[in-house]
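Residue-level structural notes
Now for the letters of each chain:
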Amino acid sequence: MLEYERSITIINQGLPSKAVLKVIRLPTSWYAVIWESKERYAAVCQDRSEQNGGHAHMTDDQFLSRVQLVASFVQGFDFLFDAVTSPKKKRRRRTH
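The structure reproduced in this document is the subject of the present report. Remember, it's a predicted structure, so these values are computed and weren't measured experimentally. (Residues numbered from 1 in each chain as written. Predicted model: local features only at pLDDT ≥ 70, side-chain atom pairs only at ≥ 80, totals over all residues. Heavy atoms only, no water.)

**Looking at the environment of Val67**
The residue Val67 is located in helix H1 (residues 60-75) in this model. Judged by its relative accessible area of 0%, Val67 falls in the buried class. Separated by 44 residues in the primary sequence, Val67 and Val23 place their C-alpha atoms 8.4 Å from one another. If we skip the residues at most four places from it in the chain, Val67 touches Leu21, Val23, Trp30 and Ala32. (Helix = DSSP H or I, 4+ residues; strand = E, 2+ residues; numbered from the N terminus. Buried < 20%, exposed > 50% of the residue type's maximum accessible area, 1.4 Å probe, protein only. Contact = heavy atoms within 4.5 Å.)

Here's what the structure looks like:
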């Protein structure tokens with residue numbers, strides 16, 4: 001299992017707003033939450049299928065681009081990854 005946490009800017013919900021993307025990457029699925037505030041958040045997930053080809057072969061950047069695409073398509077959240085993040089916000093943790 002891998003966990004990602006990235007600072008993002010939501011660009012399609014009125015004025016641009018800061019948020020956090022948290023993603024759990026499992027071998028055959030992933031789960032993400034876009035967290036703007038305790039009152040405003042959205043969850044999105046995807047399982048491997050023949051149509052999407054899975055994500056096990058993807059680099060971190062390719063995978064996070066997939067998350068961004070699915071979040072836009074499924075939840076209507078368009079966002080950009082913030083260019084500068086603190087080390088705490090840009091983590092990749094491998095757990096067993």
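**Concerning the packing of aromatic side chains**
For the coordinates displayed, the defined rule picks out four aromatic pairs. Here the aromatic rings of Phe79 and Phe81 are separated by 5.4 Å at their centres, their planes lie at 85°, and the arrangement is edge-to-face. Phe79 gets classed as buried once you look at its relative accessible area, which sits at 3%. Relative accessible area serves as the criterion here: at 30%, Phe81 is assigned to the partly exposed category. Cation over ring: Arg25 sits above Phe63, and NZ or CZ is 4.3 Å from the ring centre. (Phe/Tyr/Trp six-rings, centres within 6.5 Å; stacked < 30°, edge-to-face > 60°. Lys NZ or Arg CZ within 6 Å of the ring centre and 35° of its normal.)

**A short note on a nonpolar patch on the surface**
Residues Met1, Ile24 and Tyr31 make up a contiguous nonpolar surface patch of roughly 250 Å² in combined accessible area. Looking at the element boundaries, Tyr31 is found in strand S3 (residues 29-37). (Patch = residues over 30% accessible without salt bridge, like charges linked within 9 Å, V, L, I, M, F, W, Y side chains within 5 Å. Areas by Shrake-Rupley, 256 points an atom, 1.4 Å probe, with all protein chains shown as cover. Salt bridge = Lys/Arg side-chain N within 4 Å of Asp/Glu carboxyl O.)

**Section: the environment of Asp47**
You can see Asp47 is positioned in strand S4 (residues 40-47). As a C-alpha pair, Asp47 and Ser29 span 18 residues in sequence and 4.2 Å in three-dimensional space. Leave out the neighbours within four places in its chain, and Asp47 touches Thr28, Ser29, Tyr31 and Asn52.

**Remarks on the pairing of S4**
As paired elements, S3 and S4 share eight bridges and run antiparallel to each other. Within S4, the position partnered with Val33 by the bridge is Ala43. In textbook terms, the turn of a hairpin is the stretch between consecutive antiparallel strands, and for S3 and S4 this stretch comprises two residues. (Pairing = 2+ DSSP bridges.)

**Quick look at the nonpolar core**
Leu21, Val23, Trp30, Ile34 and Phe63 are the most contacted members of the largest nonpolar core, which has 20 residues in total. Among the elements of the structure, strand S1 (2-10), strand S2 (17-25), S3, S4 and H1 are those that each provide at least two residues to this core. Top contributing element to this core by residue count: H1, with five residues. Once residues within four sequence positions are removed from consideration, Trp30 is found in contact with Val23, Ile24, Arg25, Val44, Cys45, Gln46, His55, Phe63, Arg66, Val67 and Val70. (Core = buried A, V, L, I, M, F, W, Y, C linked by side-chain atoms within 4.5 Å.)

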